Amino acid sequence: MKIKSVNLETVCGITSTLPTTRLPEFALLGRSNVGKSSLINCLCERRNYARTSSDPGKTQTINFYNVNDSLYLVDLPGYGYAKVSRTTREKWGRMIERYLTTSPNLSLIFLLVDSRHAPTEDDLLMIRWLLYYHLPVTVIATKADKLKKSVRDGQLAALRSDLELPDDVPMIAFSSVTKEGREEVLDIFGEATA
Ligand code: GTP
Ligand code: MG
């Protein structure tokens, strides 16, 4: 699919009601700083449309990006961000959980994990939770540009094994810097909106 337009249509704060959309939704889930907003910018070829930051905890709202009037990219706040108070984290956890379990148009969840490191405890909890609820998930291994060629294949295989991914859960190596994986993700959109 070619991205022709992107428009931040709805921003949901912690107390907002989630919008009912009429298009398939693709959610971006992953710990804080893993590269969710950067992935949106990379897909849309916009530099800082989805606000990114080297400071974790940048995205603090659920942002619905309308793409081509044919789908939504849903940027979720990152989990595992220690500087946010526990009450706030719990409220966000509940809102994200509600979004993921009740959105009628949720087509696919992209779970983003950092390709350079072993998954965190939160990553493991999240993937188990998604699989337990039989939610459709594709794993995206981010920051793949940072992997040395010599360790790359082993690192990606270890990630798959640490996450205990069933064979039918795809994993895409992605880099917002080199645009590796971009076409693969756009193909998924193409199939879902054909
Ligand atoms: P929150 O909004 O806090 O949940 O974070 P996020 O997941 O949206 O992360 P964001 O896209 O803001 O990126 C965090 C940092 O990682 C920024 O400094 C980005 O420049 C950097 N980053 C993101 N993607 C890549 C990538 O593919 N390669 C490299 N080298 N750096 C990346
Ligand atoms: Mg973000």
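Everything here concerns the structure above.
Cut-offs applied
- Residues numbered from 1 in each chain as written.
- Chains lettered and ligands numbered in written order.
- Predicted model: local features only at pLDDT ≥ 70, side-chain atom pairs only at ≥ 80, totals over all residues.
- Heavy atoms only, no water.
- Helix = DSSP H or I, 4+ residues; strand = E, 2+ residues; numbered from the N terminus.
- Rg over C-alpha atoms; globule rule 2.2 N^0.38 Å.
- Buried < 20%, exposed > 50% of the residue type's maximum accessible area, 1.4 Å probe, protein only.
- Contact = heavy atoms within 4.5 Å.
- Areas by Shrake-Rupley, 256 points an atom, 1.4 Å probe, with all protein chains shown as cover.
- Pairing = 2+ DSSP bridges.
- Axes fitted to C-alpha atoms, helices over the stretch in contact; angles between N-to-C directions.
- Near = heavy atom within 4 Å.
- Polar contact = N/O pair within 3.5 Å; in protein donor to acceptor, adjacent residues only side chain to side chain.
- Nonpolar A, V, L, I, M, F, W, Y, C, P; charged D, E, K, R; others polar.
- Salt bridge = Lys/Arg side-chain N within 4 Å of Asp/Glu carboxyl O.

Caption draft 1: Focus on the overall build of the protein chain. Scanning the protein chain from terminus to terminus reveals five helices and seven strands. Walking the protein chain from its N terminus toward its C terminus, one meets helices and strands in the order β-β-α-β-β-α-β-α-β-α-β-α. By the compact-globule yardstick of 16 Å for 194 residues, the protein chain fits well, its C-alpha radius of gyration being 16 Å. Taken along its principal axes, the extent of the C-alpha atoms in the protein chain is 45 × 40 × 30 Å. The 194 residues of the protein chain split such that 44% are buried. In the protein chain, 74% of the contacts between residues at least 6 apart in sequence involve partners at least 24 apart. Here the protein chain displays about 10,200 Å² of accessible surface, and carbon together with sulfur accounts for 47% of that area.

Caption draft 2: Broad picture of the sheet that holds strand β2 (residues 25-30). The strand order across the open sheet formed by seven strands is β1-β3-β4-β2-β5-β6-β7, and the pairing between neighbours is mixed. Every other strand in the sheet has two partners, leaving β1 (6-12) and β7 (171-173) as the edge strands with one partner each. Pairwise comparison of adjacent strand axes, ignoring direction, gives a mean angle of 25° for this sheet. Bridge count between strand β5 (residues 106-114) and strand β6 (residues 137-142): six bridges; the pairing is parallel. Looking at the pairing, F110 lines up with T138 of β6. Those strands touched by helix α4 (residues 149-162) are β5, β6 and β7, and its axis lies near 150° from that of β7.

Caption draft 3: Spatial organisation of unusual backbone geometry. Even without being glycine, N68 reaches a positive phi, approximately 55°. Structurally, the position occupied by N68 is in the loop between β3 (62-67) and β4 (71-75). A positive phi angle, near 70°, is found at K179, a position not held by glycine. Take K179: it is sitting in the loop between β7 and α5 (182-193). By relative accessible area, K179 is classed as partly exposed at 40%.

Caption draft 4: Layout of the site of ligand 1. Near ligand 1 there are 21 residues, and of these K36, S38, G57, D145 and S176 occur at the shortest range. Between ligand 1 and the protein, one listed contact pairs a nitrogen atom with a side-chain N or O atom of D145 at 2.7 Å. A breakdown of the residues in the shell around ligand 1 according to their chemical character gives three nonpolar, 13 polar and five charged.

Caption draft 5: Looking closely at the pattern of salt bridges. All chains considered together, the criterion is met by seven salt bridges. With its nearest N and O atoms 2.8 Å apart, the salt bridge here joins D114 to R116. Judged by its relative accessible area of 5%, D114 falls in the buried class. Residue R116 is classed as partly exposed on the basis of its relative accessible area, which comes to 30%. Here the residues in one salt-bridge network are E45, K179, R182 and E183, joined through shared partners.

Caption draft 6: Structural context of the pairing of β4. Where burial is concerned, most of β4 is hidden: five out of the five residues are buried. What you see with β4 is no split at all: L71, L73 and D75 on one side and Y72 and V74 on the other are buried throughout. By the bridge criterion, four bridges tie β2 to β4 in an arrangement that is parallel. If you follow E25 over to β4, its bridge partner there is Y72. Note that β3 and β4 share five bridges and pair antiparallel. Across the sheet, the residue bridging to Y65 is L73, located in β4. The turn joining β3 and β4, which pair antiparallel and follow one another in sequence, is formed by three residues; a positive phi near 55° is taken by N68.

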